[in-house]
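Working through the structure, step by step
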Amino acid sequence: MSDNLLEFKNVSKSFYGNQVLKNINMTVKKGEVHALIGENGAGKSTLMNILFGMPAIHETGGFEGAVEIEGKETHIRSPHDAMLEGIGMVHQEFMLIPGFTIAENIKLNREITTKNVVSRVLGKRMEGLNYKQMNADAQKALKTLDMDIESYTQVAGLPVGHMQFIEIAREIDKSGIKILVFDEPTAVLADAEAQNLLRAIRRLADSGIGIIFISHRLEEIVSVADTVTVLRDGTHVATKPIQETSAVDIARMMIGRAVTLDREEAADRMVSDEVVLDIRDLHVNMPGEQVKGIELSVRKGEIMGIGGLAGQGKLGIANGIMGIYPSKGQVTFKGKELPLNNSRQVIREGVAFVSEDRKGVGLLLDESIELNICFTAMQNQDKFLKNYGIIKMRDAKEIRDHAKQMIADLDIRCTSSQQHTGSLSGGNQQKVCVARALTQKPDLLLVSEPTRGIDIGAKKLVLDLLKRLNQEMGMTIIMTSSELAELRTICDKIAIVCDGKVAGILNPTDSDEAFGLMMSGITDIEERREA
Amino acid sequence: MEEKKLSPKEIVGKIGLPTIIIAAFLVFILALGHFMGLSVATLLSDTVKRAGMNGILVLAMLPSIQSGTGPNFALPIGVECGLFGIVCAIEFGFTGWGWFFMSILLSIILATAVGYFYGKLLNAVKGSEMTIATYAGFSITAFMCLLWLLIPFKSPNMGWFIGQGLRETIQLDVIGASMILNDFLGFSIGPNFYFPTGMILFFLLFCFLVGAFFKSKHGIAISAVGSSNSFSEASGLNINRNRILANILSTILGAIGIVVYSQSYGYAQLYNAPLTMAFAAVAAILIGGASAQRAKVSHVILGVFLFQGLLTSALPVANRVFAGTDLSEVMRMVIQNGIILYALTQVRKGGKG
């Protein structure tokens, strides 16, 4: 028997003609911690979904290639199959029932039962629980993880670090567990807890379980993994033993793009030294994108990029400034303090926002293009209105003229200005959002994920449009994007956000390693490069 | 951007299949009535009259639907405000047109105040507005039953013959106000058809006013709040204030609606009469093609004529077909509640953000 516990052989997957995985080969050996790393959208989740037989894969036509477990080709058609094959997953968000004890959670749906009078008549579902055996089993699993806690403690009120361990205990308590997947296990843990966890992972591996460790924290990977596989844009970049590589090396492989960055500077750019927006200690409570004390200054006429991995808080910044999620801190705009949690006032001060949530926040899908374009300016600046004393009526002609102008300027492809925005393509919807922001004639434009979900041709148009607005109208732009390449194409400077804070500010021409390391929270780039 | 010719499928999509089915059924009923020897002119005359009576009550659904709080199941709140205006105007001794306008004036003032608090209530229970509204309507009706009994009004036109409190039905002909709006410029065509011009004009005037309001800055804001909370919030709108404004408007329309209704009916009905008024109005606007989230003035007009037409014609016809039984009330409940049930199954759960 070979040492290979799990092997992906030439695995490819496309969603509706869009290839997200291309010929991935990866082998996990017995007792090995195999790190899997890649930017958002590199294909990590898709690969794991294939391993777990998630419905999302099979409903979209399955995948190509093969998955072998212990050298045998295995067809995993559902998460239940995966469980039977001994594949377990430690979830990032805890799936525990707070009111149950640790043992009950660990044994949930796999309870040890004893027969009684009722169950002899009514069947197995009526059997009693063997708490003694369950507690003993749970205690054993906890002990494997070096956890000193009683198994009859209630889960509610335990620190998050403990909950993570209970999740793991549940997986290892399953008999015959062979492969355990950790998906960003340390994301919610404090440093000390994370160290504990890494030690536990090591111990599990030593007991013969194969571990797939997904993380974006390069240092953890270097310290715990035996092997690392790097994915980028659905392709397999490299698999290397950890001794032959380094955090800098991994970062470069993760970001590196063959395409040269196509930057052209207009000669008459007007970036003054005047700071137009100054953010001090901004905290935003946006679920999944917490901002924990951002400090950032933006100069007038500049395009500032905000990058970083998903969930690190980059999206929270613009949402916080606009008052869409509760925020606190100090934001100074044009020398005046900007009131937080007050969208109306922020809009009136001359800030416009193109949201990352195009369909939810960005558009009224059941309304016409023209109303969408003019709405914010109408409600906040009393434009496009005819005043009849007590009541202000909309000025249909002015709205239509303006909308037609915008449709022509931004090349919005539509049948008429009355077409509902819900029936437009993603790129054209994005242009409507930008058109609405421009109608406000803002001094500062916040754009979040402007190219998400739109095709490549439209991407370039939107980016060119932003560049044109900046160059021709001198508009200050803050662009938040998950796509580093596009930030590096048009921004003057790029702030990388990690764990809710600005990890550093880079120039678009800085090296791939610099971006990669900073995105995983490593800031002492110079020293590492020399080392 | 020239007008395109619509295919039959698109026309169905635009008007809505349920509306077309109901309309076809109405035509069928009228034809059946004709063959059963009923006077179609009488049926149509009744239809127009009842549509005019109920029109503004149905119109009251529009602002609340547009603001995202769903059809105004708490219509009885507005209705009670209107009834209070009516009895006050009688107590103060107004008659004829004076009574009519005084009733409307008083009820608008009252409905504005009550609508404000009702709006606040709805803002506190986001997500379950329709259920809360239904019970708010029931509660206010019960509360007003108490008030009608205890109110120390002295007008002999309203009191019981012995004891205290107001009568269950108050005749309006004694103050010269019965059919006062109906008969304004009213005319007859043939022996069986009467057109209540004044009332229909009054209804259309309000349709115009409400339609115009939804083209104003505030009206557009209310519609935006109703279709997407997150969009509106990001555009600097105060969601709660817009919802309150819409519900004040809805309550006022309910109040004016009952004044028009009562004068045409000839009686002001107190106590339990307002209890189920919301359901007929909700059913009417939904038949007209509105959903629980989107409605237009055209839905109100189409809906009130179809729904009231169905009720007024189906019942005599049904009574003739199933002679000897009294199916009318049963039929009315089946049709009305069936329509509401259908429409509520179409409500998208959780709304749109």
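Residues numbered from 1 in each chain as written. Chains lettered and ligands numbered in written order. Predicted model: local features only at pLDDT ≥ 70, side-chain atom pairs only at ≥ 80, totals over all residues.

1. Brief notes about the overall build of chain A
Along chain A, the regular secondary structure elements total 20 helices and 24 strands. Along the three orthogonal principal directions, the C-alpha set of chain A runs to about 85 × 60 × 45 Å. Of all 531 residues assigned to chain A, the portion counted as buried reaches 44%. Look at the contacts in chain A between residues 6 or more apart in sequence, and 67% of them connect residues 24 or more apart. (Helix = DSSP H or I, 4+ residues; strand = E, 2+ residues; numbered from the N terminus. Buried ≥ 20, exposed ≤ 12 C-beta atoms within 10 Å, placed from the backbone. Contact = placed C-beta atoms within 7 Å.)

2. Some words on the overall build of chain B
Each helix and strand counted, chain B has 14 helices and four strands in total. For 353 residues, the compact-globule formula gives about 20 Å, and the C-alpha radius of gyration of chain B, at 21 Å, lands near that figure. Summarising its shape, the C-alpha atoms of chain B cover approximately 60 × 50 × 40 Å along the three principal directions. When each of the 353 residues of chain B is scored for burial, the buried share is 47%. For chain B, long-range pairs separated by at least 24 residues make up 74% of all intrachain contacts whose partners lie at least 6 apart in sequence. (Rg over C-alpha atoms; globule rule 2.2 N^0.38 Å.)

3. A look at the domain arrangement of chain A
Taken domain by domain, chain A consists of domain 1 (1-85 + 178-261), domain 2 (97-176), domain 3 (264-350 + 443-456 + 472-508) and domain 4 (363-441). Centre-to-centre separation of domain 2 of chain A and domain 4 of chain A, based on C-alpha positions: 58 Å. (Domains from an automatic or database assignment.)

4. Overview of the nonpolar core
A:Ile201, A:Phe213, A:Leu446 and B:Ala281 are the most contacted members of the largest nonpolar core, which totals 248 residues. Take this core: its biggest share by element is 13 residues, from helix H11 (residues 239-265) of chain B. In contact with B:Ala281, other than residues within four places in its own chain, are B:Asn54, B:Leu57, B:Val58, B:Ala60, B:Met61 and B:Leu75. (Core = buried A, V, L, I, M, F, W, Y, C linked by C-beta atoms within 7 Å.)

5. Concerning helix H19 (residues 512-519) of chain A
Residues and elements named next belong to chain A. Taken across its eight residues, H19 has seven buried, putting it largely inside the fold. Among all positions of H19, only Glu513, Ala514, Phe515, Gly516, Leu517, Met518 and Met519 are buried. Positioned one or two residues after H19, Gly521 has a phi angle of 90°, which is positive.

6. A few points about the interface of chain A and chain B
Frequently, the measure chosen for interface size is the accessible area that the parts lose on association. Contacts between the two partners involve 24 residues from chain A and, on the opposite side, 18 residues from chain B. No other element matches helix H14 (residues 369-381) of chain A, which puts five residues into the side of chain A that touches chain B. When the residues that make up the side of chain A that touches chain B are grouped by side-chain class, the tally is 12 nonpolar, seven polar and five charged. (Nonpolar A, V, L, I, M, F, W, Y, C, P; charged D, E, K, R; others polar.)

7. Details of the pairing of strand S21 (residues 444-448) of chain A
All names here are of chain A. In terms of burial, S21 is largely enclosed, as five of its five residues are buried. The side-chain alternation of S21 yields two buried faces, one formed by Leu444, Leu446 and Ser448 and the other by Leu445 and Val447. One ladder, built from four bridges, connects strand S18 (residues 351-354) with S21; its direction is parallel. When the bridges of S21 are listed, Val354 appears paired with Val447. Of the pairings in the sheet, the one linking S21 to strand S22 (residues 476-480) comprises five bridges and is parallel in character. If you follow Ser448 over to S22, its bridge partner there is Thr480. (Pairing = 2+ DSSP bridges.)

8. Structural notes on the confidence of the model for chain B
Interpretation of this model should avoid reading the predicted coordinates in detail wherever pLDDT is low. Scored by pLDDT, chain B comes out at a mean of 87, with 94% of its residues at no less than 70. In the predicted assembly, ipTM is 0.80 and pTM is 0.77. (pLDDT = per-residue confidence, 0-100.)

9. Structural notes on the sheet that holds strand S13 (residues 275-284) of chain A
Residues and elements named next belong to chain A. Reading across the sheet, the four strands line up as S14-S13-S16-S17 and stay open at both edges, with antiparallel pairing between neighbours. Looking at the sheet topology across the chains shown, the edges are occupied by strand S14 (291-299) and strand S17 (336-337). The pairing of S13 with S14 spans seven bridges and is classified as antiparallel. Counterpart to Leu282 in the pairing with S14 is Ile294.

10. Digging into helix H10 (residues 247-255) of chain A
Most of H10(A) sits inside the fold, with eight of its nine residues counted as buried. For H10(A), the set of buried residues is A:Ala247, A:Val248, A:Ile250, A:Ala251, A:Arg252, A:Met253, A:Met254 and A:Ile255.

11. Quick word on unusual backbone geometry
In the Ramachandran plot, A:Asn10 falls in the positive-phi region, its phi being about 45° despite a non-glycine side chain. Looking at the element boundaries, A:Asn10 is found in strand S1 (residues 4-15). Of note, the phi angle at B:Leu185 is positive, near 60°, even though the residue is not glycine. The topology assignment puts B:Leu185 in the loop between strand S1 (169-171) and strand S2 (187-189).

12. Focus on the sheet that holds S18(A)
Residues and elements named next belong to chain A. The strand order S18-S21-S22-S15-S23-S24 describes an open sheet built from six strands, whose pairing is mixed. Looking at strand neighbours, the two that pair on one side only are S18 and strand S24 (501-506), the edges of this open sheet. On average, adjacent strands in this sheet sit at an angle of 20° to one another, irrespective of strand direction. Of the pairings in the sheet, the one linking strand S23 (residues 493-498) to S24 comprises five bridges and is antiparallel in character. Directly across from Ile494, in S24, lies its bridge partner Leu506. Of the strands in this sheet, S18 and S21 are in contact with helix H16 (residues 426-439), which crosses S18 at around 175°. (Axes fitted to C-alpha atoms, helices over the stretch in contact; angles between N-to-C directions.)

13. A look at the pairing of strand S10 (residues 210-214) of chain A
All names here are of chain A. By the criterion of burial, S10 is predominantly enclosed, with five of the five residues buried. The alternating pattern of S10 places Gly210, Ile212 and Ile214 on one face and Ile211 and Phe213 on the opposite face, and all of these are buried. Across four bridges, strand S3 (residues 33-37) lies against S10 in parallel orientation. The residue bridging His34 from the neighbouring strand is Ile212, located in S10.

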